[in-house]
Amino acid sequence: MWSWETAWEGLPAVLQGFGITLAATALGSVLALSLGLVVAVLLRARTRWITLPLAGSAQFIRSTPLLVQLFAAWVLVPGVGALTLGIVVLGVHYAAYTAQVYRAGIDAVPAGQWEACVALSLPRRRVWRAVVLPQAIRNVLPSLGNYVVSMFKETPYLAVIAVPEMVHRANEYGSTHFAYLESYTTAAVIFLLASCPTSLLIRRLEKRLAH
């Protein structure tokens, strides 16, 4: 039977886990967006000893489940804090996807833009910083935002390496108070309230950029 009193008593514990969830999502997103951009730019290098290992590594990461990567990192990298390890794994996992998004945005920059930069003899670094990346990133912002939301919804996987995120705390409270229904429902509602408005904002941004 549902108990509002039990749900209310368990709310602080679930909210404490929600703070960890937000921190993991924010830091993991920064890592994923930054690393993904670096990988996307390096994949355009003309040296195969750079592009082949990067492309192979990104493909491997995209082809294996996040849960398996978390377990592997937990076993192979002992001595690192669970939260730190989880953030790094999340960031690297999603960097493999955001790199593809950035790459598509870069490829969508008209060839005339590149040719104009060559004609003006602009330094390559300035071409990327002032011409290519502003256009590419603007075009892929909605897709990047969708991956951030996806990362937020996959943070419960961090519970397998003992990160006290929201679902982990909900499970702890449920097991100690025999109130799984209330604790898990509270966590689910918080996930819903946090992700739905964000998804709507991303959709609105996508429509605005399309005009």
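None of the values given here were measured: they were computed from a predicted structure.

Caption draft 1: Examining helix α8 (residues 180-210) more closely. Between the first and last C-alpha of α8 there are 44 Å, a value that for 31 residues agrees with the 45 Å anticipated at 1.5 Å per step. Listing the buried residues of α8 in full gives E182, S183, T186, A187, I190, F191, S195 and I202. Its buried side turned inward, α8 meets α1 (4-42), α6 (124-154) and α7 (166-177).

Caption draft 2: Representation of the side chain of R169 in the model. Examined against the element boundaries, R169 turns out to sit in helix α7. On the basis of relative accessible area, R169 is assigned to the buried category, the value being 18%. If sequence neighbours within four positions are ignored, R169 has contacts with A13, Q16, G17 and P164.

Caption draft 3: Region of the structure containing the packing of aromatic side chains. Under the criterion given, the structure shown has eight aromatic pairs. Between the aromatic rings of Y94 and Y147, the centroid separation amounts to 6.2 Å while the plane-to-plane angle is 65°, which identifies the pairing as edge-to-face. With Y94 in helix α4 (residues 82-107) and Y147 in helix α6, this pair connects stretches of sequence that are 53 residues apart. Pairing Y180 with Y184 gives two aromatic rings, centres 6.0 Å apart and planes at 15°, and the pair type is stacked. Note that Y180 and Y184 are positioned in helix α8 at a spacing of four residues, about one turn of the helix. Within the aromatic cluster, the residues linked to one another by ring pairs are F18, F152 and F191.

About the cut-offs
Residues numbered from 1 in each chain as written. Predicted model: local features only at pLDDT ≥ 70, side-chain atom pairs only at ≥ 80, totals over all residues. Heavy atoms only, no water. Helix = DSSP H or I, 4+ residues; strand = E, 2+ residues; numbered from the N terminus. Expected span 1.5 Å × (residues − 1). Buried < 20%, exposed > 50% of the residue type's maximum accessible area, 1.4 Å probe, protein only. Contact = heavy atoms within 4.5 Å. Phe/Tyr/Trp six-rings, centres within 6.5 Å; stacked < 30°, edge-to-face > 60°.

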